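Summary of structural features
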Amino acid sequence: MKIAETIREVREQVKKWRQEGLSVGLVPTMGYLHEGHKSLIDRAVQENDRVVVSVFVNPMQFGPKEDLASYPRDLKRDAAICEEAGAALVFHPEPEEMYHDDFSSYVDMNTLTGGLCGKSRPIHFRGVCTVVAKLFHIVTPDRAYFGQKDAQQLAVIRHMVNDLNFGIEIVGCPIIREKDGLAKSSRNTYLDAQERQAALVLSRALKEGRRRMDEGETDAGNIIQAITEIIESEPLAKIDYVEVVDWNTLEPVSEIQDAVLVAIAVYIGKTRLIDNFIVSE
Ligand code: PAF
């Protein structure tokens, strides 16, 4: 497995693969890989001849008060995970390689990005769309893999690919959880032992929401209330949002009829965690 730091190296490698008629999958990540990422790489390895994993903590998607500086990084460990999983190339550029001094072009989206995480992270999705569009141009994959844990991101990327005719298949992959239910996230490393225990309230609350829907509850307000009550019973938790939205438009719904995304963002201490489930019928 190779590690490339420049766009030129990636392009040369992909060109060679294309000349050999090989298909290419891309797994975009910000590194500090966990089993959630590993499941994306595994799927990509199954479905493509060659897999590129990008490891880039993208400054453009972090707000001024967010955790860009403290975001965990460990390229050696990430590279070992990628190699073991069967990736062919890790792309690990420096920020200057991705954003030259007079960089001034962005991919911005007028729909899907204003609600949910976009409310408290107003510049986040512009940064995500811009870097993912750049990665798509650099790697030109046949397929790209994203986790459902960032469900809004998955919807936004699908929309961008459709709007801008990237001709890339976007593969959404299920949330991977710890044994006790906590959704895997690089940010879980910020939690101390007490917060780690408190963080279980996210999956517990969603499970209750899901149970009520399975029992036939269709009033979104009642689902939100049930989830909110459970989260509020945890003293270390502070709700950013609890929402039930249409899975296609990401607009809030009051009556659950079509596919919906039930999504939450909760601060446990200073750490903001997200989790969700999708009901598709
Ligand atoms: O989901 C992430 O890790 C990031 O938002 C992504 C897609 C790699 C873009 O920086």
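Just so you know, these numbers come straight off a predicted model, no measurement behind them. (Residues numbered from 1 in each chain as written. Predicted model: local features only at pLDDT ≥ 70, side-chain atom pairs only at ≥ 80, totals over all residues. Heavy atoms only, no water.)

Re the overall build of the protein chain
When its secondary structure is counted, the protein chain shows 10 helices and nine strands. Projected onto the principal axes, the alpha-carbon positions of the protein chain cover approximately 55 × 40 × 40 Å. The buried share among the 281 residues of the protein chain stands at 54%. Within the protein chain, contacts between residues at least 6 apart in sequence are counted, and of these 73% link residues at least 24 apart. With the model as given, the accessible surface of the protein chain reaches about 13700 Å², and the carbon-plus-sulfur share is 46%. When the 33 positive and 44 negative side-chain charges of the protein chain are each reduced to one mean point, those points stand 4 Å apart. (Helix = DSSP H or I, 4+ residues; strand = E, 2+ residues; numbered from the N terminus. Buried < 20%, exposed > 50% of the residue type's maximum accessible area, 1.4 Å probe, protein only. Contact = heavy atoms within 4.5 Å. Areas by Shrake-Rupley, 256 points an atom, 1.4 Å probe, with all protein chains shown as cover. Lys, Arg positive; Asp, Glu negative; His and termini not counted. Charge placed at Lys NZ, Arg CZ, Asp CG, Glu CD.)

Regarding the environment of R43
By secondary structure assignment, the location of R43 is in helix α2 (residues 35-47). You can call R43 partly exposed: its relative accessible area is 29%. When the C-alpha positions of R43 and S23 are compared, they lie 14 Å apart, and in sequence the two are 20 residues distant.

Points about the site of the ligand
As a structural note, the neighbourhood of the ligand is formed by P28, T29, M30, N58, Q61, V128, V131, V132, F146 and Q153. Contact between the ligand and Q153: an oxygen atom at 2.7 Å from a side-chain N or O atom of the residue. Compared with its free state, where it exposes 290 Å², the ligand has 89% of that area covered by protein. Only β2 (24-29) and α6 (124-139) provide two or more residues apiece to the shell around the ligand. Looking at the shell around the ligand element by element, the count peaks at three residues for α6. Residues that form the shell around the ligand fall into these classes: six nonpolar, four polar and no charged. (Near = heavy atom within 4 Å. Polar contact = N/O pair within 3.5 Å; in protein donor to acceptor, adjacent residues only side chain to side chain. Nonpolar A, V, L, I, M, F, W, Y, C, P; charged D, E, K, R; others polar.)

Quick word on helix α7 (residues 151-163)
Taking 1.5 Å as the rise per residue, α7 with 13 residues should run 18 Å; its terminal C-alpha atoms sit 18 Å apart, in good agreement. Looking only at α7, the buried set comprises A151, Q152, Q153, L154, A155, V156, I157, M160 and V161. Close packing links the buried residues of α7 with α5 (117-120), α6, β5 (143-147), β6 (169-173), β8 (260-268) and β9 (271-279). N165 sits one or two positions beyond α7 and adopts a positive phi of about 50°. (Expected span 1.5 Å × (residues − 1).)

Some thoughts on the sheet that holds strand β7 (residues 237-246)
Strand order in the open sheet made by the three strands is β7-β8-β9, with antiparallel pairing throughout. Every other strand in the sheet has two partners, leaving β7 and β9 as the edge strands with one partner each. Across the sheet, the mean angle from the axis of one strand to that of its neighbour is 15°, orientation sign disregarded. Of the pairings in the sheet, the one linking β8 to β9 comprises nine bridges and is antiparallel in character. If you follow V262 over to β9, its bridge partner there is F277. Sheet strands touched by helix α9 (residues 200-214): β7, β8 and β9. Its angle to β9, the strand with the most contacts, is close to 20°. (Pairing = 2+ DSSP bridges. Axes fitted to C-alpha atoms, helices over the stretch in contact; angles between N-to-C directions.)

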